[in-house]
Amino acid sequence: MAEKISNSEVQKIAQLARLELTDAEVDQYAKELSAILGYIGQLSEVDTKNTAITSQVTGLSNVMREDTVDACDNPEELVALAPEHKDGLIKVKAVFDA
Amino acid sequence: MRIDIQELSIASAKHALANQEFSCVDLVSACFDRIRKHDKDVHAFLSLNEEQALEQAEAVDRKIKNKEPLGALAGIPVAVKDVIATKGIPTTAASKILERYVPPYDATVVERLKEAGAIIMGKVNCDEFAHGASTENSAFGPSRNPWDLSRSPGGSSGGSSAALAAGFCLAALGTDTGGSTRQPAGWCNLYGLRPTYGRISRYGLFSMTSSTDTPGIFAKTTEDTALLLLVLAGHDLLDATSLPSEVPDYRSKLNEPLKGIAIGLPKEFFEDVSDPKSAEVVSQAIGQFEKLGAEIKHVSLPHTKYGVAAYYIITPSEVSSNLGRFDGIRYGHRSDTANTLMEVYAKTRGENFGPEAKRRIMLGTYALSSGYYDAYYQKAQKVRTIIADEVKKVLNEVDLILTPVSPHPAIKLGEKADDPLAMYLEDIYMSTAALAGIPGISIPAGFVGGLPVGVQLMAKQLDEATLLRAAHQYEKATGWTMQHAKL
């Protein structure tokens, strides 16, 4: 496990996470993430060669419901929650470069 | 008439309402009077629902007058954590990114409260998106502990614990992802129940760590806790992880004595209690359980020390994924300065998430990124298996596990705010139940220097009845819950 996170790694992660950071934040997170990952490094002491992962604890699997269509009674209300909307549609910036 | 909210439980308030000792409007008004007088100091509420609450109270009074049937929580004022969706009432998750968000739907827990006749008083503060253990990560400023206003009420559901301990309501909803109900309850002399994962629907909770998130119950007595659980528990088609198991009447076994109940003390939980006086309170509680007839056994959970490390990979990983939806497109705030779609995402998130949300997004994105997934997320999920198996094995030998809630009583605001890792370690006794999906309850166990100290009991999956029974027997023998914060 890597222990020191560099500023350029922080910038790369921030890009993946769609998170704009200031230079001060990049410095701060490089330090803090390194410290936290240093602490987390102790997990490597645990022998997990023959251990399965736990992704859920309920023991439920393939939870199904009837495949029926339910009406949505408030589409206008839902669209109105968007910061910008027009004619019942959510408005966004251009998706493709011109 | 003057009503002393601090002296009331849900049970006693129901009794008084039924006997028309006071009206529901009196009760709800008395709570709002206290909020007006004291919440400028406590800062529990982020929004109030006063007009609707009073209308509902009038409706309850009419029903009482006309002798119509009443719901199990008719007229009971409840505060709801601001990460739980409430139709028509702002729900911000204590984040700037949702500052003006008003949900078009109720969470299942809110719907069930309303069906039972409870009165939603308003929305209470928490750490932003429930990331934290002190409420200091709220974008709208911390809440203060009614027992000592210079201290934190715990977190992340600190507005819930503060509101109830301050006498602003008679119960509160929180959430518990890794201790966020149990720890604030412990710091405020309250019962804080984390149910079995899946026992109470998560529909309408703003997802943080989907594999450990659960609603949490704050109450002043075990009887109230049992009643609230009864109202809230049960299968929900809107949450595919909710359990179909039958819901027992959790009140029916409260009065059974503890003879024949074995309580395990995992030695690893008693090694880091930094405050010797808190340790003494916990020892006295153990002695009391023994006097009540429980058999005390020494047990071991050797992988406990890896709990926080596993939790702080699993949580940020799931957080980074769950917070992906807050991108300025469908709801919440959108950056004014963005020129491209990519900038809309990055600037909206950069400008509006607070430092801890960003920290968790970064940590989780790193742990899930190509080349690190196996080393971090998968490794943590495997350690989770070991921790969960270990605790389940011990719970085959004993009925309950008893541990401290925190290594020390409530911290001063600011004490650990600059050290994220130190704040993560506040969850040291809390992560086991979260990772294993078992229920845990924090119960009032005494005081150190005027500050509440709690002990935690954990039980097998779906065995909330034994948890509440033990807590109730202890409550009757000690009466710590009779003490209230003075504002």
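Rules used in this analysis
- Residues numbered from 1 in each chain as written.
- Chains lettered and ligands numbered in written order.
- Predicted model: local features only at pLDDT ≥ 70, side-chain atom pairs only at ≥ 80, totals over all residues.
- Heavy atoms only, no water.
- Helix = DSSP H or I, 4+ residues; strand = E, 2+ residues; numbered from the N terminus.
- Contact = heavy atoms within 4.5 Å.
- Areas by Shrake-Rupley, 256 points an atom, 1.4 Å probe, with all protein chains shown as cover.
- Rg over C-alpha atoms; globule rule 2.2 N^0.38 Å.
- Buried < 20%, exposed > 50% of the residue type's maximum accessible area, 1.4 Å probe, protein only.
- Lys, Arg positive; Asp, Glu negative; His and termini not counted.
- Charge placed at Lys NZ, Arg CZ, Asp CG, Glu CD.
- Buried area = accessible area lost by both parts, 1.4 Å probe.
- Salt bridge = Lys/Arg side-chain N within 4 Å of Asp/Glu carboxyl O.
- Polar contact = N/O pair within 3.5 Å; in protein donor to acceptor, adjacent residues only side chain to side chain.
- Phe/Tyr/Trp six-rings, centres within 6.5 Å; stacked < 30°, edge-to-face > 60°.
- Pairing = 2+ DSSP bridges.
- Axes fitted to C-alpha atoms, helices over the stretch in contact; angles between N-to-C directions.
- Core = buried A, V, L, I, M, F, W, Y, C linked by side-chain atoms within 4.5 Å.
- Parallel < 35°, antiparallel > 145°, perpendicular 65-115°, else oblique.
- Nonpolar A, V, L, I, M, F, W, Y, C, P; charged D, E, K, R; others polar.
- Arc of directions from axis to C-beta.

Asks: Please clarify how the overall build of chain B should be interpreted in this entry.
Replies: Of regular secondary structure, chain B possesses 15 helices and 11 strands. Dimensions of chain B, computed from the C-alpha atoms along their principal axes, are close to 65 × 55 × 45 Å. Intrachain contacts of chain B at a sequence separation of at least 6 include 75% that bridge at least 24 residues. In the form shown here, chain B has an accessible surface area of approximately 16000 Å², with 50% of it arising from carbon and sulfur atoms.

Asks: Help me understand the overall build of chain A in this model?
Replies: A count of helical and extended segments in chain A gives 3 helices and 2 strands. Ordered by position from N to C terminus, the α and β elements of chain A give α-α-α-β-β. Radius of gyration (C-alpha) of chain A: 23 Å, far over the 13 Å computed for a compact globule of 98 residues. Here the C-alpha coordinates of chain A stretch approximately 55 × 45 × 25 Å along the principal axes. Put simply, chain A has 98 residues, and 30% of those count as buried. A gap of 6 Å separates the mean positions of the 9 positive and 18 negative side-chain charges of chain A.

Asks: Sorry, what's going on with the interface of chain B and chain A here?
Replies: The interface is formed by 66 residues belonging to chain B together with 53 residues belonging to chain A. Roughly 5100 Å² of surface becomes buried between chain B and chain A when both sides are summed, with 69% attributable to carbon and sulfur atoms. Sorting the residues of chain B by area buried against chain A places Arg334, Met362 and Tyr366 of chain B first, and these three jointly supply 13% of that buried surface. Joining chain B to chain A, the criterion identifies 4 salt bridges. Two residues, Arg334 of chain B and Glu84 of chain A, come together in a salt bridge whose shortest N-O distance is 2.7 Å. Counting across the chain B and chain A interface gives 17 residue pairs in polar contact (both at pLDDT 80 or more).

Asks: I keep staring at unusual backbone geometry and nothing clicks. Help me out?
Replies: Peptide bonds are trans in most cases, and residues, glycine excluded, mostly fall at negative phi. Cis geometry is adopted by the peptide bond preceding Ser156 of chain B, which originates at Gly155 of chain B and carries an omega value of 5 degrees. Its place among the elements puts Ser156 of chain B in the loop between strand S3 (119-124) and helix H5 (158-165). Backbone geometry places Asn62 of chain A, a non-glycine residue, at a positive phi of 45 degrees. Tracing the chain through its elements places Asn62 of chain A in the loop between helix H2 (23-40) and helix H3 (75-80). Judged by relative accessible area, Asn62 of chain A falls into the exposed class, the value being 65%. Positive phi outside glycine occurs at Asp87 of chain A, with the angle close to 50 degrees. Asp87 of chain A sits in the exposed class, given a relative accessible area of 71%.

Asks: Please explain the packing of aromatic side chains as it appears in this structure.
Replies: The relation between two aromatic rings is expressed through the spacing of the ring centres and the mutual angle of the planes. All names here are of chain B. Under the criterion given, the structure shown has 17 aromatic pairs over all chains. Ring centres 5.0 Å apart and planes at 80 degrees place the aromatic pair Tyr311 and Tyr312 in the edge-to-face group. Assigned by exposure class, Tyr311 and Tyr312 land together as buried. A ring pair is formed by Tyr366 and Tyr376, whose centres lie 5.7 Å apart and whose planes are at 55 degrees; its orientation type is tilted. One end of the pair, Tyr366, is in helix H11 (residues 355-368); the other, Tyr376, is in helix H12 (residues 374-397), and 10 residues separate them in sequence. For the pair shown, Tyr366 and Tyr376 are each scored as buried.

Asks: Would you mind showing me how to read the sheet that holds strand S6 (residues 215-219) of chain B here?
Replies: Hydrogen bonds between backbone atoms are what pair the strands of a sheet, whose relative direction is either parallel or antiparallel. Residue and element names in this part refer to chain B. The strand order across the open sheet built from 11 strands is S1-S3-S2-S4-S6-S5-S10-S11-S9-S7-S8, with neighbouring strands paired in mixed fashion. Each edge of the open sheet carries a strand with a single partner, namely strand S1 (45-48) and strand S8 (295-299). Across the sheet, the mean angle separating the axes of adjacent strands is 30 degrees when strand polarity is ignored. For strand S10 (residues 440-448) and strand S11 (residues 451-459), the ladder comprises 8 bridges, and the chain directions are antiparallel. Counterpart to Gly446 in the pairing with S11 is Val453. Its contacts with the sheet place helix H2 (residues 24-42) against S1, strand S2 (77-81) and S3, and it is angled at close to 15 degrees to S3.

Asks: Would you mind showing me how to read the side chain of Glu25 of chain A here?
Replies: Here Glu25 of chain A is to be found in helix H2. Those residues within four positions of Glu25 of chain A in sequence are excluded, and the remaining contacts are Glu20 of chain A together with Lys358 of chain B.

Asks: Please clarify how the nonpolar core should be interpreted in this entry.
Replies: One recurring pattern in soluble globular proteins: nonpolar side chains tend to sit buried together. Leu73, Leu113 and Phe289 of chain B are the most contacted members of the largest nonpolar core, which totals 155 residues. Each residue touching Leu73 of chain B, except ones within four places of it in the same chain, is listed here: Ile10, Leu113, Ala116, Gly117, Ala118, Leu227, Leu228 and Val231 of chain B.

Asks: When you look at the side chain of Glu136 of chain B in this model, what are you seeing that I'm missing?
Replies: Within the element layout of this structure, Glu136 of chain B appears in the loop between S3 and H5. No salt bridge is formed by the buried Glu136 of chain B; its nearest oppositely charged neighbour, Arg144 of chain B, is found at 8.8 Å.

Asks: Got a minute to help me understand the packing of helix H1 (residues 7-16) of chain A against H11 of chain B in this structure?
Replies: Packed helix pairs are specified by the crossing angle of their axes together with the interaxial distance, meaning the distance between the axes. Packing of H1 of chain A against H11 of chain B brings their axes to within 9 Å, and their N-to-C directions diverge by 95 degrees. Relative to H11 of chain B, the element H1 of chain A lies roughly perpendicular. On the side of H1 of chain A, the interface is formed by Glu9, Val10, Ile13, Ala14 and Leu16 of chain A, while H11 of chain B contributes Met362, Thr365 and Tyr366 of chain B. Here the contact of H1 of chain A with H11 of chain B is built from residues that sort into 6 nonpolar, 1 polar and 1 charged.

Asks: Before we go on, may I ask you to explain H1 of chain A in this structure?
Replies: Residues three or four positions apart in an α-helix share a direction because the helix packs 3.6 residues into each turn. Along H1 of chain A, the residues classified as buried are Val10, Ile13 and Ala14 of chain A. In a view along the axis of H1 of chain A, the buried residues occupy a sector of 100 degrees, so they form one face of it. Those residues of H1 of chain A that are exposed and aimed more than 90 degrees away from the buried face are Ser8 and Lys12 of chain A. Considering only its buried residues, H1 of chain A is in contact with H2 of chain A together with H11 of chain B. Just downstream of H1 of chain A, Arg18 of chain A is the residue with a positive phi angle, here 55 degrees.

Asks: Looking at this structure, how should I read the pairing of S11 of chain B?
Replies: When a strand is regular, its side chains alternate between the sheet's two faces. Residue and element names in this part refer to chain B. Where burial is concerned, most of S11 is hidden: 9 out of the 9 residues are buried. The two faces of S11 match: Leu451, Val453, Val455, Leu457 and Ala459 on one face and Pro452, Gly454, Gln456 and Met458 on the other face are all buried. Bridging between strand S9 (residues 400-404) and S11 involves 5 bridges; their strand directions are antiparallel. Bridging from a neighbouring strand, Leu400 pairs with Ala459 of S11. Linking two consecutive strands that pair antiparallel, namely S10 and S11, is a turn of 2 residues; a positive phi of about 55 degrees is found at Gly449 within it.

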